[in-house]
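Report on the structure
This is what each chain is made of:
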Amino acid sequence: MPIAWSQTSPSRVIHADNLEVLPGLPDESFTLIYLDPPFNTGRVQNRRTTTSVRLAATPAGEALGARAAGTITGFKGQLYERIKGDLLGYDDQFEDYWAFLEPRLIEAWRLLADDGTLYLHLDYREAHYAKVLLDALFGRDCFLNELIWAYDYGAKSKNRWPTKHDTILVYVKNPARYYFDSTTVDREPYMAPGLVTPEKVARGKLPTDVWWHTIVSPTGKEKTGYPTQKPIGILRRMIQASSREGDWVLDFFAGSGTTGAVAASLGRRFVLVDQNPESIAVMRTRFAPLPDVEFVEPPGAERAPAADAALAPTPEATR
Ligand SMILES: C[S@@+](CC[C@H](N)C(=O)[O-])C[C@H]1O[C@@H](n2cnc3c(N)ncnc32)[C@H](O)[C@@H]1O
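Residues numbered from 1 in each chain as written. Predicted model: local features only at pLDDT ≥ 70, side-chain atom pairs only at ≥ 80, totals over all residues.

1. Description of the site of the ligand
In plain terms, the rule: The rule is simple: place the C-beta atom from the backbone, and if it lies within 6 Å of a molecule or strand, the residue is near it. Residue classes follow a fixed rule: Ala, Val, Leu, Ile, Met, Phe, Trp, Tyr, Cys and Pro count as nonpolar, while Asp, Glu, Lys and Arg count as charged, and any other residue, Gly among them, counts as polar.
If you check the shell around the ligand, you find 18 residues, and the closest are Phe253, Gly255, Ser256, Thr258 and Asn276. Residues that form the shell around the ligand fall into these classes: four nonpolar, nine polar and five charged.

2. A few points about the environment of methionine 283
Operational definition: Where helices and strands are cited, they refer to DSSP runs of H or I of at least four residues and of E of at least two residues respectively, numbered from the N terminus. Each residue is represented by a C-beta atom placed from its backbone, and any two residues with such atoms within 7 Å are regarded as in contact.
Tracing the backbone through its elements, the reader meets methionine 283 in helix α9 (residues 277-287). The residues touching methionine 283, leaving out its near neighbours within four places in the chain, are Val13, Ala254, Ser256, Gly257 and Leu272.

3. Some remarks on the sheet that holds strand β1 (residues 11-15)
How we decide: The pairing criterion is simple: DSSP has to find at least two bridges between the two strands. Lines fitted to C-alpha atoms define the axes, with helix axes restricted to the stretch in contact, and inter-axis angles between N-to-C directions lie between 0 and 180 degrees.
Pairing in this open sheet of nine strands is mixed, and the strands run β6-β4-β5-β3-β2-β7-β8-β1-β9 from one edge to the other. Each edge of the open sheet is held by one strand with a lone partner, namely β6 (210-212) and β9 (293-296). Strand-to-strand, the axes of this sheet are offset by a mean angle of 15°, without reference to chain direction. Pairing analysis gives two bridges linking strand β2 (residues 30-35) to strand β7 (residues 248-251), with the strands arranged parallel. If you follow isoleucine 33 over to β7, its bridge partner there is leucine 250. Sheet strands touched by helix α5 (residues 127-138): β3 (112-122), β4 (143-150) and β5 (165-172). Its angle to β5, the strand with the most contacts, is close to 0°. The sheet contacts of helix α8 (residues 258-265) involve β1, β2, β7 and β8 (269-274), and relative to β8 the element is tilted by about 175°.

4. Thoughts on the environment of phenylalanine 39
Locating phenylalanine 39 in the fold gives a position in the loop between β2 and α2 (60-68). As a C-alpha pair, phenylalanine 39 and arginine 125 span 86 residues in sequence and 8.7 Å in three-dimensional space.

5. A look at the pairing of β1
Put simply, the test is: Buried residues are those with 20 or more other C-beta atoms within 10 Å of their own C-beta, exposed residues have 12 or fewer, and partly exposed residues lie in between; C-beta atoms are placed from the backbone.
Summarising burial for β1: four of the five residues are buried, a large majority. With four bridges connecting them, β1 and β9 associate as parallel partners. By the bridge assignment, valine 13 is partnered in β9 with phenylalanine 295. Pairing geometry for β1 and β8, over four bridges, is parallel. Its bridge partner being in β8, arginine 12 is matched across the sheet by valine 271.

6. Description of helix α7 (residues 232-242)
Among all positions of α7, only Ile234, Leu235, Arg237, Met238, Ile239, Ala241 and Ser242 are buried. Structurally, α7 contributes buried residues whose contacts are with β2, β3, β4, β6, β7 and α8.

7. Overview of the nonpolar core
Most often, soluble globular proteins keep nonpolar side chains buried together rather than apart. The criterion, for reference: Any nonpolar core is a set of buried residues, restricted to Ala, Val, Leu, Ile, Met, Phe, Trp, Tyr and Cys, that join up through C-beta atoms within 7 Å.
Among the nonpolar cores identified, the biggest contains 67 residues, and Phe30 and Ile33 are the most heavily contacted of them. Those residues in contact with isoleucine 33, other than ones at most four positions away along the chain, are Ala108, Leu111, Leu112, Gly116, Leu118 and Leu250.

8. Here we look at the pairing of β8
Rule in force here: A crossover counts as right-handed when, viewed with the strands pointing away from the observer, the path leading from the first strand over the helix to the second turns clockwise.
Judged by how many residues are buried, β8 sits mostly within the fold: six of six residues are covered. Of the two faces of β8, both are covered, the one formed by Arg269, Val271 and Val273 as well as the one formed by Phe270, Leu272 and Asp274. When β7 meets β8, the two strands line up parallel, connected through four bridges. Counted as the bridge partner of valine 249 is phenylalanine 270 from β8. Viewed along the sheet, the connection from β7 through α8 into β8 turns out right-handed.

See below:
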């Protein structure tokens, strides 16, 4: 689906399969890309036999050329194909997931500005495989952080430690040039305020790589009704630290549009993509107060109406 977009366009919401529109966006356009992909893509892949392939190291540009020729060596020349072959055989479900995600991550890398940062939001089922594969694909020197978002809500298993965190892997395009300014991030209360000076208590402390934050409350004012909606507070930190006012932010698994809502509130511009008509309807309602947001529907598609009644979010379904 061809999309005429440039950095002079207004912020935009595109109703489409992301893989159809991403190739039409220009290289290196986005300072921050946040991705919160669904784990179960509903796709059933044919089991792929993977072999170890030893490939010579290539610079980033040549890696994309190698992709066109059917091989990927990793953007920084790592032996990505061999690592993928070794790793994916362990878990069919993850193999399907990676087959879905990989072409989209390759597009994300291309679309990141040289000073840009990718935040990839995963859960415990995916995070460890994805970390190894992303190290090989982006380059280990481009790995910036593993953020843990810890929450405490909903039913708790009695048979194992209840799983109450998500993992956000953070990769930069260029480790020598990436933009990061934690001084602009909302500070948080000290856990032991008695141990620090009153001035420090008043200022609050810089967040670390472990973020305690409640999920979107089913009864709170932030709720849009979209079941996998992420909290504004989580997106705010990323967008504050890894982009400047006026920069472009991309989220091509947009859901309820939290990334766009936060980007706009912080003076950033955004492109959001989602293929689900309910997501588009929720975003029409959410962005109605914003002056300058364009909605792009696929040719011949019925315009997704604004959502009138919020769907009840399921507390367990953070993803
Ligand atoms: C986990 S949700 C994102 C929630 C979002 N972070 C929020 O705060 O609301 C994942 C979204 O990806 C969308 N999605 C899944 N596959 C897609 C694809 N191929 N193209 C575009 N959107 C897709 C789904 O419709 C869903 O809205």
